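Inside the fold
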Amino acid sequence: MKQKILVAGGTGYIGSHTTVELQHAGYEVVIIDDLSNSNRDVLDGIEKITGIRPDFIELDLKDKEGTREALKAHPGIKGIILFAASKAVGESVQQPLKYYRNNIVTLLNLLDLMPEFGIEGIVFSSSCTVYGQPDELPVTENAPIKPATSPYGNTKQINEEIICDTIHAGAPFKSILLRYFNPIGAHPSAEIGELPNGVPQNLIPYLTQTAIGIRKELSVFGNDYDTPDGSCIRDYINVVDLAKAHVIAMDRMLENKSDDRVEVFNLGTGRGVTVLELINTFEKGTGVKVPHKIVGRREGDIEKVWANPEKANQVLGWTAKETLEDTLVSAWNWQKKLRERGIQ
Ligand code: WQD
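Below is a summary of the structure that appears in this document.

Conventions we followed
Residues numbered from 1 in each chain as written. Predicted model: local features only at pLDDT ≥ 70, side-chain atom pairs only at ≥ 80, totals over all residues. Heavy atoms only, no water. Phe/Tyr/Trp six-rings, centres within 6.5 Å; stacked < 30°, edge-to-face > 60°. Helix = DSSP H or I, 4+ residues; strand = E, 2+ residues; numbered from the N terminus. Buried < 20%, exposed > 50% of the residue type's maximum accessible area, 1.4 Å probe, protein only. Lys NZ or Arg CZ within 6 Å of the ring centre and 35° of its normal. Near = heavy atom within 4 Å. Polar contact = N/O pair within 3.5 Å; in protein donor to acceptor, adjacent residues only side chain to side chain. Areas by Shrake-Rupley, 256 points an atom, 1.4 Å probe, with all protein chains shown as cover. Axes fitted to C-alpha atoms, helices over the stretch in contact; angles between N-to-C directions. Parallel < 35°, antiparallel > 145°, perpendicular 65-115°, else oblique. Left-handed = near helix turned anticlockwise from the far one by under 90°. Contact = heavy atoms within 4.5 Å.

1. Notes on the packing of aromatic side chains
Two descriptors summarise a pair of aromatic rings, namely the distance from one centre to the other and the angle between the planes of the rings. Enumeration according to the criterion identifies one aromatic pair in this entry. Between F282 and W332, the aromatic rings sit 5.8 Å apart at their centres with planes inclined by 85 degrees, giving edge-to-face as the arrangement. Of this pair, F282 sits in helix α9 (residues 275–286) while W332 sits in helix α11 (residues 324–340); the two residues are 50 residues apart in sequence, bridging distant segments of the chain. Residue F282 shares its accessibility class with W332, and that shared class is buried. Sitting over the ring of F265, K311 keeps its end group 4.9 Å from the ring centre.

Shown next, in the form of structure tokens:
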């Protein structure tokens, strides 16, 4: 058995898929999650896939003493992957204090406690939103960080700076910052997937809920952008491919493969896809039509962004492998499984 890892936010969408891949790689996983945007049933799904039920503590990581007690109760943790955060861009504009408090205090508590428990590294779940609308595409890790267009995006920038400053000041741990593009899809087993609360804000859950009939019609936010078909471009990355990158990052950190105490990697496919292209790919892959209409632009949307993933490809030895079509089919299979279970 490899080292013990804390996955903070591990019952969430990306956290649960990463827990599966960590377990497949031989890591022992402890999950802390406050279940504010996920469900304890996810633990059943993880166990069905790997045969191993991760230790789970329901806890709000803003509770520093509670977090200290949890770390005492689970000695030997060597690394942390921090997913736990509020992540709805639109909601963050309406409730900035909730986002600054939740996303920043959580990180501060973990960084404070890591030296007390000999925790050697933290992988941080960051986002391509730190780049805003890049001046050059595809975007590399050296692209300038642009003023955030939402409190959510600002917390990602602030958290990256907090980690860098803390390590620069001599903290006895390392960090790898992973800047995701647009994670989509579900585990091929359809035992875990994205399960948004209420009306989905992100494209894929809304699309699959429209395809299955929960939603009447998908609104495409604008077709007057400077793109081939006028709709926005994103770099959609399969969530399992993304999860595998976290295992490689954790290995790299704990095996001290780099002299750099902080490293940054873009995790994307390197391919930009428009919203309309994505809808067509979904319909082609599943044979299911998605009723949709063009509406006005959504405030705050970036026109086009996709990754240059060469650094992750060459330094981490990681490449996104799943096709967009297969990934969209996995999202559809998950939506059908939710229907079978009577969940949606
Ligand atoms: C994708 C594209 C929309 C919904 C955000 C965060 C990012 C990450 C993912 C948390 C855009 C269009 C969407 C709809 C649409 N956050 N769209 N109709 O905004 O690229 O990224 O969510 O993990 O950090 O910034 O993702 O899925 O909301 O939108 O036309 O009903 O789909 O305009 O072009 P986004 P998204």
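Let's pick the thread back up.
2. Points about the site of the ligand
In the vicinity of the ligand lie 19 residues, with S127, L203, S219, R234 and D301 positioned nearest. Within the side chain of N182, one N or O atom sits 3.0 Å away from an oxygen atom of the ligand. When the ligand sits alone it has 690 Å² of accessible area, and the protein chains cover 91% of it. Top contributing element to the shell around the ligand by residue count: strand β8 (residues 218–221), with four residues.

3. Section: the packing of helix α7 (residues 203–212) against α9
Between α7 and α9, whose axes approach to 12 Å, the crossing angle comes to 45 degrees. When the axis of α7 is compared with that of α9, the two are oblique. The crossing of α7 and α9 is right-handed. Of the residues in α9, those touching α7 at L203, I204, L207, T208 and A211 are V275, L278, I279 and F282.

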